[in-house]
Number of protein chains: 2
Amino acid sequence: MLNVGIDIGGTGIQLGLVNEKGEIVQRGGIVTRTDIPFSQQIEALAKCVLETIEKGGYTLDDITAIGAGIPGVADPATGRIPFCTNLGWKDVDFKGEMRKHIDKPVFIDNDATVAGLAENVAGVSAGAASSVFLTLGTGVGGAIVLGGKVWSGHHGVGSEIGHMILVAGGEQCTCGNKGCLERYCSATAIIRMAREAVKEHPETAILAKAEGDPANINAKMVIDAAKEGDAIGLQVFDQYIQYLAQAISNVIMFLDPEVIVLGGGVSKAGDFLLNAVREALPRYVLYKALPYAHVELAHLGADAGIIGAAMLGQ
Amino acid sequence: MLNVGIDIGGTGIQLGLVNEKGEIVQRGGIVTRTDIPFSQQIEALAKCVLETIEKGGYTLDDITAIGAGIPGVADPATGRIPFCTNLGWKDVDFKGEMRKHIDKPVFIDNDATVAGLAENVAGVSAGAASSVFLTLGTGVGGAIVLGGKVWSGHHGVGSEIGHMILVAGGEQCTCGNKGCLERYCSATAIIRMAREAVKEHPETAILAKAEGDPANINAKMVIDAAKEGDAIGLQVFDQYIQYLAQAISNVIMFLDPEVIVLGGGVSKAGDFLLNAVREALPRYVLYKALPYAHVELAHLGADAGIIGAAMLGQ
């Protein structure tokens, strides 16, 4: 039997047919459109699901359930989406709309949650008694898995780690608060810090990579410059690592999971990032002599969203 | 049957014989001494336990187990105390020493954890599916109870909410970090903010209550001044409430428990504190239109430590 896993993103919707081993046996996808009503978007998505099943040589009888990761607030109990700001969805019935087209059980959850679940089942934190997953991308998403089960909180508004306040009174966040963690620990934060630094140091390799225009700077340029030993690249990278280590230390101080997994675009920096985080962490954790969470890089990469969504139906 | 509950504090050790209903039927206590070896302190404590049992007209046959709340890191699995900085204990065997004198099962956990457990079983959060307890005292302690069970984390170093960083780069904390939550949300923080404010405003009622000497200021004086409508009292109180609301919002963003309970000395401000927190919170929570944790005041007061410790053995 197979499950359909759907990873809804701001620009594209990726889906896959996933077997019991967590392997994707057939893929499909459509472009995300915010210019059409929600019902039409789901109609197009359902069509793509059916086409993908057919393309793989399967029928609906081979499918157990459909799961989707939502880049916003998802209510697993009702299958409704109270808020999905990026896509302009507000209090829409994902499960109900999908079931108008495909008569299978439908499950939804937050996209970071779903990716965290995938890592906890089939990825780097597989079998961990407890894990916290951080996606370091445009923003910072979070997922908590306790005893193999997703913890989204009592009201379903938990694991929004990106909007925990790390620097009260600090940088303005899009959410209205000041000093949210994602203002300091996202790819966006690296770019902001780098743009600030290049003003004083136009000689940095970061600016050369950006063809002289600070508007072109992305997180990879900064990390590449740091890897090459560029002084300003290293300075910005270290600034970022210190904030990230404090954020990770906060997760340890509060929940003390067995494993903390770093995913998202910034995690593509690989061991360069991981080693720096592991080196910085002891400065911040309270009980330096006692064991605390292993920090690891996500293993499943971009497929975590599809695999985790498929697991919602297992 | 009765359990012995022991609440170990920096100045005194309180204990009680607690029945199945969570009622204290006999009390005892000794002074905490940091000038004697750990083994002698536990010998004196065991003597006090035996005397309290006798004083109540009971025998050891009436006692099921002994539980203790430790103002530091306690390892529930081994009964050892890796760190208890306030009392100068380091890697001591509480369970082993106690059992030299009394042959009963011995359980230990962190003191804030134990108080949170007591509230979750017999106090304001009784029956809650999940709760987070914050003790607002000299420092800030924390406890997490999930599904009726204490969550101390995978390595037993969790729920140290007071040392989560709230203002990265902020006030120096005794732990070595800067900007820990307890530097902004404890009674000590209120005193610091008030001492700062009275420099500019010696006319405030706070200074009058402190007999003109900023060194005499305590948190109650500040809160009393605010209750009376003193402008500087209200200003300092609001400053404190904004930090506390951000800390509580962080708990909601991360774990999203059903209930958040405020205990400790500052919580004696009662509804004046609770109403201010509830009013400030919507400014900071991410999903303002969705339900989130109820914030409540602890009900068991100073007895929570004894009652919760006794519950460890149930």
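The rules behind each value
Residues numbered from 1 in each chain as written. Chains lettered and ligands numbered in written order. Predicted model: local features only at pLDDT ≥ 70, side-chain atom pairs only at ≥ 80, totals over all residues. Heavy atoms only, no water. Helix = DSSP H or I, 4+ residues; strand = E, 2+ residues; numbered from the N terminus. Rg over C-alpha atoms; globule rule 2.2 N^0.38 Å. Buried < 20%, exposed > 50% of the residue type's maximum accessible area, 1.4 Å probe, protein only. Contact = heavy atoms within 4.5 Å. Areas by Shrake-Rupley, 256 points an atom, 1.4 Å probe, with all protein chains shown as cover. Least-squares fit on C-alpha atoms with pLDDT ≥ 70 in both. Domains from an automatic or database assignment. Buried area = accessible area lost by both parts, 1.4 Å probe. Salt bridge = Lys/Arg side-chain N within 4 Å of Asp/Glu carboxyl O. Pairing = 2+ DSSP bridges. Axes fitted to C-alpha atoms, helices over the stretch in contact; angles between N-to-C directions. Core = buried A, V, L, I, M, F, W, Y, C linked by side-chain atoms within 4.5 Å. 1 Å grid on protein atoms, 1.4 Å probe; cavity = no way out; pocket = protein on both sides within 12 Å on 5 of 7 lines; lining within 4 Å. Points joined across faces, edges and corners; volume = space filled by probe spheres on them. Nonpolar A, V, L, I, M, F, W, Y, C, P; charged D, E, K, R; others polar. Polar contact = N/O pair within 3.5 Å; in protein donor to acceptor, adjacent residues only side chain to side chain. pLDDT = per-residue confidence, 0-100.

Describing the overall build of chain A
Right, on to step 1. For chain A, the helix and strand inventory stands at 10 helices and 13 strands.
Right, on to step 2. At 20 Å, chain A has a C-alpha radius of gyration in line with the 20 Å of a compact globule built from 314 residues.
Right, on to step 3. Principal axes of the C-alpha set define a box for chain A whose edges measure 60 × 45 × 35 Å.
Right, on to step 4. Every one of the 314 residues in chain A was classed for burial, and the buried ones make up 59%.
Right, on to step 5. The contacts of chain A with a sequence gap of at least 6 include a subset with a gap of at least 24, amounting to 60%.
Right, on to step 6. Carbon and sulfur atoms form 50% of the exposed surface of chain A, whose accessible area is close to 12,500 Å².

Notes on the relation of the copies chain B and chain A
Right, on to step 1. Superposition record for chain B on chain A: RMSD 0.0 Å, screw rotation 180 degrees, translation along axis 0.0 Å. Expressed as a symmetry operation, the mapping of one chain copy onto the other fits a two-fold axis. Every residue of chain B has its C-alpha some distance from the rotation axis, and the shortest such distance is that of B:Val167, at 2.1 Å.
Right, on to step 2. Counting the interface residues of chain B, we find that 100% of their copies in chain A are interface residues as well, pointing to one common contact surface.

Focus: unusual backbone geometry
Right, on to step 1. Positive phi, close to 50 degrees, is recorded for A:Asp256, a residue that is not glycine.
Right, on to step 2. Here A:Asp256 shows up in the loop between helix 8 (231-254) and strand 12 (259-263).
Right, on to step 3. The backbone of B:Ser159 sits at a positive phi, close to 55 degrees, despite the residue not being glycine.
Right, on to step 4. Assignment of secondary structure puts B:Ser159 in the loop between strand 11 (149-150) and helix 4 (182-185).
Right, on to step 5. Taking the relative accessible area as the measure of exposure, B:Ser159 reaches 4% and is therefore buried.

Let's talk about the domain arrangement of chain A
All names here are of chain A.
Right, on to step 1. For chain A, the assigned domains are domain 1 (2-118 + 303-311) and domain 2 (128-298).
Right, on to step 2. Taking only C-alpha atoms, the centre of domain 1 and the centre of domain 2 are 28 Å apart.
Right, on to step 3. Of the roughly 710 Å² buried between domain 1 and domain 2, counting both surfaces, carbon and sulfur atoms make up 65%.
Right, on to step 4. Applying the counting criterion to the domain 1 and domain 2 interface returns 0 salt bridges.

So, the sheet that holds strand 13 (residues 294-297) of chain B
Two pairing modes exist for strands in a sheet, parallel and antiparallel, and in both the strands are linked by backbone hydrogen bonds.
All names here are of chain B.
Right, on to step 1. With mixed pairing, the 5 strands of this open sheet are ordered in space as 11-10-9-12-13. The outermost strands of the open sheet, each flanked by one partner alone, are strand 11 and strand 13.
Right, on to step 2. Running at roughly 50 degrees to strand 10 (residues 140-146), helix 3 (residues 111-122) makes contact with strand 9 (130-136), strand 10, strand 11 and strand 12 (259-263) of the sheet.
Right, on to step 3. Here helix 9 (residues 271-280) sits on the sheet and contacts strand 9, strand 12 and strand 13; the angle it forms with strand 13, its principal contact strand, is near 170 degrees.

Structural notes on the nonpolar core
Right, on to step 1. Counting residues in hydrophobic clusters, the biggest one holds 139 residues, and the most contacted among them are A:Leu273 and B:Leu273.
Right, on to step 2. Per element, the largest residue contribution to this core is 14 residues, and it comes from helix 8 (residues 231-254) of chain B.
Right, on to step 3. B:Leu273 has contacts with B:Leu136, B:Phe237, B:Tyr240, B:Ile241, B:Leu244, B:Leu262, B:Val266, B:Ser267 and B:Leu297, leaving out every residue within four places of it along the chain.

Brief notes about empty space enclosed by the protein
Residue and element names in this part refer to chain B.
Right, on to step 1. Counted by the stated rule, this structure contains 1 cavity of 30 Å³ or more.
Right, on to step 2. A volume near 90 Å³ is recorded for the largest cavity.
Right, on to step 3. If you go around the largest cavity, you meet 13 residues; those closest to its centre are Asn110, Gly156, Gly158, Ser159 and Glu160.
Right, on to step 4. Mapped by element, the contributors of at least two residues to the lining of the largest cavity are strand 5 (73-75) and strand 8 (106-110).
Right, on to step 5. When its residues are assigned to classes, the lining of the largest cavity shows 4 nonpolar, 7 polar and 2 charged.

Considering the sheet that holds strand 1 (residues 2-8) of chain A
All names here are of chain A.
Right, on to step 1. Spatial ordering of the open sheet is given by 3-2-1-4-8, a layout of 5 strands whose pairing is mixed. Only two strands of the sheet have a single partner each, and these edge strands are strand 3 (24-31) and strand 8 (106-110). Sheet twist, expressed as the mean angle between neighbouring strand axes with direction ignored, is 20 degrees.
Right, on to step 2. Sheet topology places strand 4 (residues 63-70) next to strand 8; 5 bridges connect them, and they run parallel. Note on strand 8: the bridge partner recorded for Gly69 is Asp109.
Right, on to step 3. On the sheet, helix 2 (residues 94-101) packs against strand 1, strand 4 and strand 8 and is oriented at approximately 145 degrees with respect to strand 8.
Right, on to step 4. Contacting strand 4 and strand 8, helix 3 (residues 111-122) runs over the sheet at an angle of about 100 degrees to strand 8.

With respect to the interface of chain B and chain A
Right, on to step 1. If you look at the interface, chain B gives 48 residues, while chain A gives 48 residues.
Right, on to step 2. For the pairing of chain B and chain A, the buried interface totals around 4,200 Å² over both sides, and the portion due to carbon and sulfur atoms is 67%.
Right, on to step 3. On the chain B side of the contact with chain A, B:His155, B:Phe254 and B:Tyr287 bury the most area, a combined 18% of that side's loss.
Right, on to step 4. Viewed at the interface, chain A and chain B are joined by 24 residue pairs in polar contact (both at pLDDT 80 or more).
Right, on to step 5. If you list the elements that add at least two residues to the side of chain B that touches chain A, you get strand 6 (80-84), strand 9, strand 10 and helix 8 of chain B.
Right, on to step 6. When residues of the side of chain B that touches chain A are assigned to their parent elements, the largest contribution, 7 residues, is made by helix 8 of chain B.

Some words on the confidence of the model for chain A
Right, on to step 1. Summarising the model, chain A shows a mean pLDDT of 94, and 100% of its residues fall at 70 or more.
Right, on to step 2. Across the interface, the model reports ipTM at 0.89; the global pTM reads 0.90.

What to know about the pattern of salt bridges
Right, on to step 1. This model, assessed by the stated rule, comprises 26 salt bridges over all chains.
Right, on to step 2. For A:Lys220, the salt bridge is made with A:Asp224, and the minimal N-O distance between the two is 2.8 Å. Taken as a pair, A:Lys220 and A:Asp224 lie in helix 7 (residues 219-227) at a separation of 4 residues, close to a single helical turn.
Right, on to step 3. By relative accessible area, A:Lys220 is classed as exposed at 56%.
Right, on to step 4. Notably, a salt bridge pairs B:Glu196 with B:Lys199, separated by 3.6 Å at the nearest N-O pair. Highlighted residues: B:Glu196 and B:Lys199, both in helix 5 (residues 187-200), separated by 3 residues, approximately one helical turn.
Right, on to step 5. Accessibility expressed as a relative area gives 49% for B:Glu196, which makes it partly exposed.

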